[in-house]
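Spelled out, the chains give:
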Amino acid sequence: MAEQIKRPRGTTDWYGKEGVLLEEVKDLFLHEASLYGASYVELPVFEESHLFHRTVGESSDIVRKETFDLVSKGDKDYTLRPEFTAGVNRLIIENKLYASPDLPLRYSYFGPVFRYERPQSGRLRQFYQYGVEFLDNKIDIDTTLDAFLLSIRSTKKALNRDCRAKINYLGSFESRENYKKALRGYFEPIIDTMCDDCKNRLQTNPLRILDCKVPEDQEIAKGAPRVRDYLSEDDRKDFENICRKLDENGIDYEIDDGLVRGLDYYTGLVWEIYDATNPSFPALGGGGKYSSLMRQIGGPDFEGIGFSLGVDRIILCMSQERKDELTQGHSVDVMIIDQKKDGDAARIGEKLRNLDVSVTIASLAKAMGGAFKMADRLGAKYVIISGEDGLQLKDLAQREQKSVTEEELIEFFGSK
Ligand code: HAM
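Residues numbered from 1 in each chain as written. Predicted model: local features only at pLDDT ≥ 70, side-chain atom pairs only at ≥ 80, totals over all residues. Heavy atoms only, no water.

A.B. asks: I'm lost on the sheet that holds strand E2 (residues 46-48) in this one. Help?
C.D. replies: Picture the strands of a sheet paired through backbone hydrogen bonds; they go either parallel or antiparallel. The three strands are arranged E2-E4-E3 in an open sheet whose pairing can be described as antiparallel. The open sheet has two free edges, formed respectively by E2 and strand E3 (69-70), since each of these has just one partner strand. In this sheet, strand E4 (residues 78-80) lies alongside E3 in antiparallel orientation, the contact comprising two bridges. Across the sheet, the residue bridging to Leu-70 is Tyr-78, located in E4. (Pairing = 2+ DSSP bridges. Helix = DSSP H or I, 4+ residues; strand = E, 2+ residues; numbered from the N terminus.)

Below you can see the structure in the form of structure tokens.
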């Protein structure tokens, strides 16, 4: 026998009820985004590699070791998208959408992204992200709050329970450079006691040391200088203002000085969302403001703010009850059994589908009993039997069966 081919490590097959669930969650998220005026964009799954190098950042783990780089047949290098933000900004520049008088631009997205990580529960190599990007000449406080509130609302709606938000403020690139210097000064004398990743991070991006998951390193990081102490006066005021507005909106959040995010483009508010009932589970989503991303890829001085939720992680955190709730009503309406075995079922099925009734047809090889069991498992409400002596309509809930003409059948389903 030929060797069995398996799906690649760190990927998921979505099928059966889980397939329906993914579709439902997509609809739910995009509906929430539309409530904030966001319109849906669909982008290529791969982009020119330097789009991600220039935005996500050379020093980020994502670009340093997690991108899927394609072997190209032409002279350009391509990479499977590890996230959406860079792509949305590329779209805006390429189509000159920044010239629109209707600002802020608000876009939503949903689709697979790819990161070459070590697979484990909730950490995949192909996973789904849903998110939005809001863009304007300057991101104002209302747009900031809208982006933040939508991220919380979407998570809560999907899980049907509470979530927790951690926030921080990263400031301009200049203040970040000063902060990095201070971190290097703090970690340099003790770096030999820390993990190899941290040793590398000291050179590439000392901010990422604060994000290390090794408990001993986390302990050391607790004594490090705080980013807050390196913010400009304007940044400090901006952060205070955002916190005040969140308080006024009754939004629960926690300021986390160690929250630095894994992508290099942030300048300003950053946040991450966690499951309130399972706080040790990795982040369900994250986002923040970025001021120079568009300029870095040849666009105008435009700012953006956005977030992405990890759809796979959110689905992992959903209770079975919530999953059932979202997928209920996803059964087929009618099943036809073609006793004459002459293909008439497909013709009748088509007429019913014109009336927006969903129809499946039992395999001709199936015995009557087996076909009825299948109808039951698929949740069909009616079975139609097309036999030598005409049509029979069976209402499975009422357990009633009657002979009908084709016209009566059409009339019956047409009036439903
Ligand atoms: P991120 O924090 O890299 O942000 O990813 C967002 C979410 O994607 C994470 O919070 C997590 O739920 C999910 N995620 C990340 N890696 C994996 C993985 N290996 N397996 C499963 N889920 C994962 C971004 O991607 C930014 N583009 C967010 C953003 C939008 N910032 C501004 N606008």
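Having seen the structure, we can now continue with the description.
A.B. asks: Could you clarify how one ought to interpret helix H15 (residues 406-414) in this entry?
C.D. replies: In an α-helix, one turn spans 3.6 residues, which is why side chains three or four residues apart end up on the same side. Residues of H15 that are buried: Glu-406, Leu-409 and Phe-413. Each buried residue of H15 sits inside an arc of 55° when the element is viewed along its axis, so together they form one side. Facing away from the buried side of H15 by over 90 degrees, the exposed positions are Glu-407 and Glu-411. Next to the buried residues of H15 lie strand E12 (334-338), helix H13 (344-353), strand E14 (382-387), strand E15 (390-395) and strand E16 (400-404). (Buried < 20%, exposed > 50% of the residue type's maximum accessible area, 1.4 Å probe, protein only. Arc of directions from axis to C-beta. Contact = heavy atoms within 4.5 Å.)

A.B. asks: In this structure, what is going on with the environment of Pro-225? I would like to understand it.
C.D. replies: With respect to the helices and strands, Pro-225 occurs in the loop between helix H8 (215-221) and helix H9 (233-248). Residues Pro-225 and Gly-185 lie 40 residues apart in sequence; the distance between their C-alpha atoms is 9.6 Å. Among all residues touching Pro-225, those that are not within four sequence positions of it are Tyr-179, Ala-182, Leu-183, Tyr-186 and Tyr-230.

A.B. asks: I keep staring at the side chain of Asn-89 and nothing clicks. Help me out?
C.D. replies: Mapped onto the elements, Asn-89 comes out in helix H4 (residues 85-94). Its relative accessible area of 1% is what places Asn-89 among the buried residues. Non-local contacts of Asn-89, meaning those with residues more than four positions away in its chain, are made with Leu-135, Tyr-290, Leu-293, Met-294 and Ile-297.

A.B. asks: Whenever I open this one, the site of the ligand confuses me. Can you help?
C.D. replies: Contacts to the ligand come from 27 residues, most closely from Glu-83, Glu-117, Leu-124, Tyr-266 and Ala-283. Arg-261 is positioned such that a nitrogen or oxygen atom in its side chain is 2.9 Å from an oxygen atom of the ligand. Between Tyr-265 and the ligand, the recorded distance is 3.0 Å, taken from a side-chain N or O atom to a nitrogen atom. Its free accessible area being 660 Å², the ligand has 96% of it covered by the protein chains. Among the secondary structure elements, those contributing two or more residues to the shell around the ligand are strand E6 (126-136), strand E10 (285-290) and strand E11 (303-310). Among the elements that take part in the shell around the ligand, E10 stands out by supplying five residues, more than any other. For the shell around the ligand, a count of residues per class yields 10 nonpolar, 10 polar and seven charged. (Near = heavy atom within 4 Å. Polar contact = N/O pair within 3.5 Å; in protein donor to acceptor, adjacent residues only side chain to side chain. Areas by Shrake-Rupley, 256 points an atom, 1.4 Å probe, with all protein chains shown as cover. Nonpolar A, V, L, I, M, F, W, Y, C, P; charged D, E, K, R; others polar.)

A.B. asks: Looking at this model, I keep getting lost on the sheet that holds E12. Mind explaining?
C.D. replies: Strand order in the open sheet formed by five strands is E13-E12-E14-E15-E16, and the pairing between neighbours is mixed. Two strands in the sheet have a free side with no partner beyond their single neighbour: strand E13 (359-361) and E16. Here the average twist between neighbouring strands, direction ignored, is 20°. With three bridges joining them, E12 and E13 adopt parallel strand pairing. Counterpart to Met-335 in the pairing with E13 is Thr-360. Contacting E12, E14, E15 and E16, H15 crosses the sheet at an angle of about 30° to E15. (Axes fitted to C-alpha atoms, helices over the stretch in contact; angles between N-to-C directions.)

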